[in-house]
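# Descriptive structure summary
The lines below spell out each chain.
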Amino acid sequence: MTPLLEVTGISRRFGGLQAVRDLSLSVAPDEVLGLIGPNGAGKTTAFNLLSGFLAPDRGQIRFDGRSIVGLPPHAICRLGLCRTFQIVRPFPRLSVLDNARVGALSRRPRMEDARDRAREVIEQVGLGGKVDHAAGALTLAERKRLELARALATEPRLLLLDEVMAGLNPTEIEAIVALVKRINVSGVAILLIEHNMRAVMSLSHRIAVLNFGEKIVEGEPTAVANHPRVIEAYLGEEYVHAPSR
């Protein structure tokens, strides 16, 4: 299958820090790819490169067969590649509906069409009962869902999720995992940064592991989780010997 996203040898340096080094990966149109690694491994920098918030020093990024290097984030979003952010910052005084409509306007410039799309994704993420509530009054778990709604409103083909489960309790994480699975089944490919290994293992078709900006392992979830380099760099022996999940 032809990849929807194809990344070849991208690198990015900040002064003396090599944040991402010669990273190559691909995501198929119907796939969930997990991206894991210790803090500071370069995961969020990679997302910033893929979504246009940073330009790579070298390397190529192709989405749906065309290069997107040098395109601004809004242009990349209109092509169908959208991201969420680890720290969610909705417009607190706007309603849930209007927050989602901001995302919809990128594709649907008519206000009525944007509103219809916003209502659709609000229902999809389970916030239908909060549509008229101010975003600032939402719980963290609800703000995470709103972040998903804003991204989905742009009608993405590939969604980059940056720690969408961070700060949530186990019940909330389970609900978000189910939601992400439904989003994927609906036809949206997903590239996922996440530290919750149970969630990553449940969601991902493949997992890539970064350490000090380099990809050290890539493969099926079980093989990656048991790879000696991954255990040494990220998971630790306690993960291997933990009770079955």
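Structure: see above.
Parameters and conventions
- Residue numbers restart at each chain and count upward from 1, following the sequence in its written direction.
- For this predicted model, a pLDDT threshold of at least 70 governs which residues receive local features, and a threshold of 80 or more governs which side-chain atom pairs are given and counted, while totals over whole chains, interfaces and linings are taken from all residues.
- Excluding hydrogens and water, the side-chain values take into account all heavy atoms of the structure.
- Criterion used throughout: strands pair if DSSP finds at least two bridges between them.
- Segments assigned H or I by DSSP are reported as helices when at least four residues long, segments assigned E as strands when at least two residues long, and all are numbered from the N terminus.
- Residue burial is assigned from relative accessible area. The probe radius is 1.4 Å, only protein chains are included, and a residue is buried under 20% of its type maximum, exposed over 50%, and partly exposed in between.
- Of the grid points, spaced at 1 Å and generated over the protein atoms alone, those admitting a 1.4 Å probe that cannot get out make up cavities, while open sets with protein on both sides within 12 Å along at least five of seven lines make up pockets; any residue with an atom within 4 Å of a point is treated as lining.
- Grid points are joined across faces, edges and corners, and a volume is the space filled by probe spheres set on the points.
- As a working rule, the residues Ala, Val, Leu, Ile, Met, Phe, Trp, Tyr, Cys and Pro are called nonpolar, Asp, Glu, Lys and Arg charged, and the rest polar, with Gly in that last group.
- Note on definitions: a residue-residue contact is assigned when non-hydrogen atoms from the two residues lie within 4.5 Å.
- Between the N-to-C directions of two axes lies an angle of 0 to 180 degrees, each axis being a line fitted to C-alpha atoms and, for a helix, fitted only over the stretch in contact.
- Note on terminology: angles under 35 degrees are roughly parallel, angles over 145 are roughly antiparallel, angles of 65 to 115 are roughly perpendicular, and the others are oblique.

Where strand β1 (residues 5-14) meets strand β2 (residues 17-27), seven bridges bridge the pair, whose relative direction is antiparallel. If you follow Leu 5 over to β2, its bridge partner there is Val 27. The loop that links β1 with its antiparallel partner β2 comprises two residues; one of these, Gly 15, has a positive phi angle of about 60°.

In this structure, Asp 64 takes a positive phi of about 55° despite not being glycine. Within the secondary structure layout, Asp 64 lies in the loop between β4 (58-63) and β5 (66-67). In the Ramachandran plot, Phe 212 falls in the positive-phi region, its phi being about 50° despite a non-glycine side chain. Within the secondary structure layout, Phe 212 lies in the loop between β9 (206-211) and β10 (214-219). Looking at Phe 212, the relative accessible area reads 64%, which means it is exposed.

Each pocket or cavity is described by its volume, and for the largest pocket that value is around 440 Å³. Around the largest pocket, the lining comprises 21 residues; the ones closest to its centre are Cys 77, Cys 82, Arg 83, Phe 85 and Thr 154. Counting residues per element, the ones that place at least two in the lining of the largest pocket are α2 (73-79), β6 (81-83), α3 (96-104) and α5 (140-152). Ranked by the residues each element gives to the lining of the largest pocket, the list is headed by α2, at four residues. The class makeup of the residues in the lining of the largest pocket is eleven nonpolar, five polar and five charged. Space inside the second largest pocket adds up to approximately 250 Å³. The element that contributes the greatest number of residues to the lining of the second largest pocket is helix α6 (residues 170-185), accounting for six residues. Among the residues making up the lining of the second largest pocket, the classes are represented as six nonpolar, two polar and four charged.

Taken in spatial order, the four strands make up an open sheet running β2-β1-β4-β5, and their pairing is antiparallel. Edge positions in the sheet fall to β2 and β5, since each of these pairs with one other strand and no more. Taken strand by strand, helix α1 (residues 43-50) contacts β1, β2 and β4, and its axis lies near 115° from that of β1.

Here we come to the packing of α5 against α6. Interaxial distance between α5 and α6 falls to 11 Å at its minimum, and their mutual angle equals 10°. The pairing of α5 with α6 is recorded here as roughly parallel in orientation. The residues of α6 that touch α5, namely those facing Ala 141, Arg 145, Leu 148 and Leu 152, are Glu 172, Ala 175, Ile 176, Leu 179 and Ile 183. Per-class residue counts for the contact of α5 with α6 are seven nonpolar, no polar and two charged.

Strand order in this open sheet of six strands is β6-β7-β8-β3-β9-β10, and the pairing throughout is mixed. One side of each edge strand has no neighbouring strand; the edge strands of this open sheet are β6 and β10. The sheet shows a mean angle of 15° between the axes of neighbouring strands, direction not considered. Examined bridge by bridge, β6 and strand β7 (residues 158-162) share three bridges and lie parallel to one another.

Moving on: the environment of Ala 137. Within the fold, Ala 137 resides in the loop between α4 (111-124) and α5. Classification of Ala 137 as exposed rests on a relative accessible area of 61%. It is 16 Å that separates the C-alpha atoms of Ala 137 and Ile 122, two residues lying 15 residues apart in sequence.

This brings us to the pairing of β9. Within β9, six of the six residues are buried, leaving the element largely enclosed by the surrounding structure. Alternating positions in β9 separate into two faces, Arg 206, Ala 208 and Leu 210 on one and Ile 207, Val 209 and Asn 211 on the other, with burial throughout. For strand β3 (residues 32-36) and β9, the ladder comprises four bridges, and the chain directions are parallel. Bridging across to β9, Leu 35 finds its partner in Ala 208. Bridging between β9 and β10 involves five bridges; their strand directions are antiparallel. When the bridges of β10 are listed, Asn 211 appears paired with Glu 214. The turn linking β9 back onto β10 is made up of two residues, and Phe 212 within it adopts a positive phi angle of 50°.

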